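This is what each chain is made of:
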Amino acid sequence: MLIALALEAKVKDMYTEVAESPHGEFHFEMGRTMAERLGYSPADLGPHPLGGDRFFAGVGHFFHLAALKQGERVVDLGSGSGMDTFIAALKVDPHGRVVGVDMTDAQLAKARRLAGDAGFQNVTYRQAYIDDTGLERPRLIV
């Protein structure tokens, strides 16, 4: 149990640093270049609020598999600073809903700020672990 708690603390610390100092040195690549290499289209990356794609620290691109439709409700597990939630929000349009789930306070604060600054009304965030979101079972983006 102590090992798990120590690992969780390290992961939270790392992603807090990513949120607060995105130009720091990390053991993984970040930003728009990485997003494009993973398959994100320039069209999807173009409308990001306040350059949200600069903070991308994801591991994959799944929108081609998700095939989101207008009006759908989706959840982004490990939403970080919100890049995927913003793309999903545009795809499901104002009639759909997007919930970002993350365990890191700093990432959630950044995502909420970016979403609010951009005027997204169909995106919300919740602090939780991906195995215990407290949400009913909508369609998932992971």
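Side note on the side chain of Q107
- Along the chain, Q107 turns up in helix α6 (residues 105–118).
- For Q107, a relative accessible area of 4% translates into the label buried.
- Looking at Q107, its side chain comes within polar contact range of the main-chain nitrogen of S81, at 3.0 Å.
- Those residues in contact with Q107 that lie beyond four places of it in its chain are Y15, V18, A19, G80, S81 and D102.

Concerning the packing of aromatic side chains
- Counting across every chain of the model gives five aromatic pairs.
- Here F26 and F28 contribute two aromatic rings whose centre-to-centre distance is 5.6 Å and whose plane-to-plane angle is 20 degrees, an arrangement assigned as stacked.
- The interplanar angle of 70 degrees and the centroid separation of 5.3 Å between the aromatic rings of Y40 and F56 together place this pair among those described as edge-to-face. You can see Y40 sitting in the loop between α2 (32–38) and α3 (42–45) and its partner F56 sitting in the loop between α3 and α4 (63–66), a full 16 residues away along the chain.
- A relative accessible area of 5% places F56 in the buried class.

What counts, and where the lines are drawn
- Positions within a chain are numbered from 1, following the residues in the order the chain's sequence is written.
- Thresholds applied to this predicted model are a pLDDT of at least 70 for local features of residues and 80 or more for the giving and counting of side-chain atom pairs; totals over whole chains, interfaces and linings are not thresholded and use all residues.
- Excluded from the side-chain calculation are hydrogens and water; included are all heavy atoms of the structure.
- Numbering of helices and strands runs from the N terminus; a helix is a DSSP stretch of H or I covering at least four residues, while a strand is a stretch of E covering at least two.
- Classification of residues uses two cut-offs on accessible area relative to the type maximum, computed with a 1.4 Å probe and protein chains only: under 20% is buried, over 50% is exposed, and between them is partly exposed.
- N or O atoms within 3.5 Å of each other form a polar contact, as long as, within protein, one can give a hydrogen and the other can take it, and as long as residues adjacent in sequence are counted only when both atoms are side-chain atoms.
- It only takes one pair of heavy atoms within 4.5 Å for two residues to be counted as in contact.
- Side-chain rings of Phe, Tyr and Trp, where Trp is taken by its six-membered ring, are said to pair if the distance between their centres is within 6.5 Å; with planes under 30 degrees apart they count as stacked, over 60 as edge-to-face, and otherwise as tilted.

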